[in-house]
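The residues making up each chain are set out below.
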Number of protein chains: 2
Amino acid sequence: MFLIPVGVNPPVRILMGPGPSDIHPRVLSAMARPTVGHLDPYYLRIMDEMQSMLRQVFRTENELTFAVSGTGSAGQEATVMNLVEPGDAMVVGVNGVFGGRLADMARRAGAEVTCVERPWGEVFAPEDLKDALANVKPKVVALVMAETSTGAWQPIEEISQLVHDAGAMLLVDTVTALGGIPVEVDRWNIDAVYSGTQKCLSCPPGLAPVSFSARAVQTIMNRKTKVHSWYLDASLLASYWGDDRVYHHTAPINMTYALHEALRLVLEEGLEECFARHRLNHEALAAGLGALGLHFTAQQGHRLPQLNAVRVPDGIDEAKLRRRLLDEFGIEIGGGLGDFKGKVWRIGLMGFAARPNNVLLLLGALEQLLAAEGHSFDHGAAVAAANERWREG
Amino acid sequence: MFLIPVGVNPPVRILMGPGPSDIHPRVLSAMARPTVGHLDPYYLRIMDEMQSMLRQVFRTENELTFAVSGTGSAGQEATVMNLVEPGDAMVVGVNGVFGGRLADMARRAGAEVTCVERPWGEVFAPEDLKDALANVKPKVVALVMAETSTGAWQPIEEISQLVHDAGAMLLVDTVTALGGIPVEVDRWNIDAVYSGTQKCLSCPPGLAPVSFSARAVQTIMNRKTKVHSWYLDASLLASYWGDDRVYHHTAPINMTYALHEALRLVLEEGLEECFARHRLNHEALAAGLGALGLHFTAQQGHRLPQLNAVRVPDGIDEAKLRRRLLDEFGIEIGGGLGDFKGKVWRIGLMGFAARPNNVLLLLGALEQLLAAEGHSFDHGAAVAAANERWREG
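Values in this document were obtained by computation on a predicted structure and should not be read as measured data.

Which residues make up the sheet that holds strand 9 (residues 192-194) of chain A, and what values do they have?
One key point about sheets: their strands pair by backbone hydrogen bonds, in either a parallel or an antiparallel sense. Residue and element names in this part refer to chain A. Taken in spatial order, the seven strands of this open sheet run 2-10-9-8-5-3-4, and their pairing is mixed. The two strands at the open ends of the sheet, each matched to only one other strand, are strand 2 (64-68) and strand 4 (112-117). Between one strand axis and the next, the sheet turns by 15 degrees as a mean value, whatever way the strands run. Pairing of strand 9 with strand 10 (residues 208-212) involves three bridges; the strand directions are antiparallel. Residue Ala192 lies in a different strand from strand 10, and its bridge partner there is Phe212.

Can you explain the sheet that holds strand 4 (residues 112-117) of chain B? Please cite residues and give values.
Residue and element names in this part refer to chain B. In spatial order, the strands read 2-10-9-8-5-3-4; together these seven strands make up an open sheet with mixed pairing. Every interior strand has two partners, whereas the edge strands, strand 2 (64-68) and strand 4, have only one. With direction set aside, neighbouring strand axes in the sheet form an average angle of 15 degrees. Looking at chain direction, strand 3 (residues 89-94) and strand 5 (residues 140-144) are connected through three bridges and run parallel. Note on strand 5: the bridge partner recorded for Met90 is Val140. Running over the sheet, helix 2 (residues 41-58) touches strand 2, strand 9 (192-194) and strand 10 (208-212) and is turned about 105 degrees from strand 2.

Summarise the relation of the copies chain B and chain A; cite the residues concerned and give the values.
Structural alignment of chain B on chain A gives an RMSD of 0.0 Å, achieved by rotating through 180 degrees and translating 0.0 Å along the axis. On this basis, the relationship between the two copies can be described by a two-fold rotation axis. The position closest to the rotation axis in chain B is occupied by the C-alpha of Gly70 of chain B, lying 2.4 Å away.

An account of the packing of helix 5 (residues 126-136) of chain A against helix 6 (residues 157-165) of chain A is needed here, citing residue identities and associated values.
In helix packing, the relevant descriptors are the interaxial angle and the interaxial distance, both defined with respect to the helix axes. Residue and element names in this part refer to chain A. Where helix 5 contacts helix 6, the two axes come as close as 10 Å, and the packing angle between them is 20 degrees. One way to sum up the angle between helix 5 and helix 6 is to call them roughly parallel. Between helix 5 and helix 6 lies a crossing whose hand is right-handed. For the pair helix 5 and helix 6, the contacting residues are Pro126, Leu129 and Leu133 in the first and Glu158, Ile159 and Leu162 in the second.

Cut-offs used in this document
Residues numbered from 1 in each chain as written. Chains lettered and ligands numbered in written order. Predicted model: local features only at pLDDT ≥ 70, side-chain atom pairs only at ≥ 80, totals over all residues. Pairing = 2+ DSSP bridges. Helix = DSSP H or I, 4+ residues; strand = E, 2+ residues; numbered from the N terminus. Axes fitted to C-alpha atoms, helices over the stretch in contact; angles between N-to-C directions. Contact = placed C-beta atoms within 7 Å. Least-squares fit on C-alpha atoms with pLDDT ≥ 70 in both. Parallel < 35°, antiparallel > 145°, perpendicular 65-115°, else oblique. Left-handed = near helix turned anticlockwise from the far one by under 90°.

In short, geometric facts, not functional conclusions.
See the structure below:
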């Protein structure tokens with residue numbers, strides 16, 4: 001009878017899907033450092049430093065900036081649950097899976113949700129939201145900045161102006177955005193923002209960075225009803241992550257070590273340099289994918305460098321090709337979600353994965369496997385096109 | 001200006017507080033293995049194996065047995081939120097901090113909560129619950145098996161009989177219990193149970209093992225209202241952890257590696273052997289603490305081996321002594337929570353920490369520091385008393 005399985009010895013993968021992305025070795029090493037108590041003076045220092053680094057990466061002075069002890073979805077739910085109370089009006093932009101999830105969470109929190117929709121792969125212009133703002137007079141408007149299901153890059157700044165002119169607060173999903181493209185929490189006047197560790201921060205999943213503006217904090221502190229979840233109640237978490245360090249729950253110590261190291265890596269490189277690296281490697285990959293005859297799903301001019309969603313060519317068994325990439329090359333790319341299931345590949349260039357080595361390897365492997373499937377294209381052109389792009393710098 | 005802090009290099013601690021406990025080196029090593037995708041065939045196998053091992057440790061055949069992607073408190077809230085709907089009656093036994101927290105979570109979930117109280121350090125006899133069961137006719141009764149704030153060991157079996165005779169379901173907190181004392185989910189007919197990784201499983205905090213009986217699952221699937229939290233909705237999590245592996249959220253991959261290895265360690269040792277080790281080392285510690293003139297807070301006959309709560313002697317500055325233990329010996333023990341703040345020390349002998357080395361070191365260090373504080377006792381007697389206990393076997 002099966003009783004005790006053999007120990008964990010994972011295959012070494014090249015993670016180019018929608019996340020988790022390649023983890024930097026320094027992050028894995030930090031995560032395995034000796035565990036200390038969650039109220040140990042050393043851990044309190046690590047918490048302080050992590051909060052300070054998160055503020056730098058979110059580009060905010062927000063006092064209430066910390067990491068929720070769960071994955072990105074926990075951070076998503078924390079921001080939604082804390083900002084709305086039963087009966088509050090909320091507008092959610094839905095142009096992919098994660099906007100839909102925001103709406104689901106908001107309804108569970110008791111909000112009266114109005115969804116504004118755009119086709120998958122497209123983004124919202126300010127005028128798309130005008131009617132909803134006027135009709136619903138929402139307390140909160142929520143948008144996904146980097147839609148991981150479609151690869152669409154949602155501009156935030158202008159919409160934020162409109163949302164605030166209408167008296168609402170702005171909540172933004174930056175799970176796939178943070179560390180890959182500029183996220184300007186203060187400059188864009190974002191009231192609540194959440195992210196995850198396993199995308200452009202090159203850290204394993206397990207924590208969800210969040211930040212709340214002073215206005216959002218005031219709203220939370222003046223709630224008439226308790227937040228449905230004790231675990232995600234920001235008024236309690238503010239005391240744990242504030243100067244008092246009032247015991248709430250036992251934080252995931254070693255995950256915090258990992259995120260601390262991941263944030264150090266981003267700041268050592270420099271945020272602008274990090275964004276430029278994502279952009280350049282994306283352009284090289286895009287040139288190569290174009291040479292293979294693959295087409296992006298996201299609207300031109302609004303493509304995320306870190307999440308490249310392309311249509312599967314006609315006649316290709318997409319699951320089989322992905323499985324061969326995994327089995328023969330150790331490369332993981334993602335399939336489609338929701339409306340895009342079976343129709344789209346999602347290629348991540350996030351954090352440590354956003355480098356020429358990964359791009360070249362993937363293009364070479366795709367060329368081999370697409371040719372075997374009878375897909376026709378100019379052999380050798382993909383790598384040449386990518387190399388040409390890097391040469392231009 | 002402070003920009004990038006130095007890297008994570010924690011001091012090496014001996015964790016004898018209320019958790020996290022000492023982490024086994026094999027667990028830290030497993031956690032640092034290469035991250036794979038959360039839908040990678042290898043990861044799906046690790047999930048299966050982890051579920052199978054959790055069933056063995058919980059002593060259950062429950063299909064819906066998995067780890068919530070958060071710390072123990074997330075598991076606690078998940079069990080509460082899923083079992084009750086707004087307006088449902090729930091009875092909670094409160095004899096410490098964590099019973100009180102259960103009641104708070106249940107009220108947030110909309111339940112009509114009736115608290116039955118016992119003094120801190122004491123436990124519930126079946127007759128303590130009879131009136132509440134008859135008057136309230138609850139849907140759920142919740143008890144804390146190992147009250148981490150007091151060190152009291154709550155017997156479950158007889159009460160379970162009574163709860164089920166009254167038609168209710170039984171929810172049990174085993175955060176500090178699991179792996180340290182017997183938890184018999186099936187034999188005791190427990191409907192929902194949650195635990196944490198950072199206590200007797202010798203694993204860092206970050207996951208919350210849970211298990212639901214067939215009756216609990218049926219209750220969840222027949223809910224009239226959606227669970228308030230999308231992240232903790234067991235009907236969605238059942239699809240992710242079930243045969244279909246329907247994508248829900250990105251699981252904390254490396255934390256799962258750690259828990260996998262921690263469970264392997266427990267099963268390699270054998271559950272009964274593991275319980276016996278906790279008991280023997282507790283008895284040795286208790287003999288030593290007695291020789292130092294320290295008195296347990298928990299009711300005689302109901303003391304947890306893994307959490308030894310003792311009253312701070314008169315005239316001792318408890319925080320100063322704990323700080324000296326940490327600074328001079330690297331030993332962490334816990335202070336009191338809630339009603340016990342400033343009055344109690346909580347000494348953990350959990351998992352890898354439950355061994356003679358830790359007991360001897362702590363007794364020696366306590367003797368030195370208590371003597372320096374002018375506390376009077378028979379010098380050398382503590383270590384002698386502990387050694388005497390081990391000699392008896």
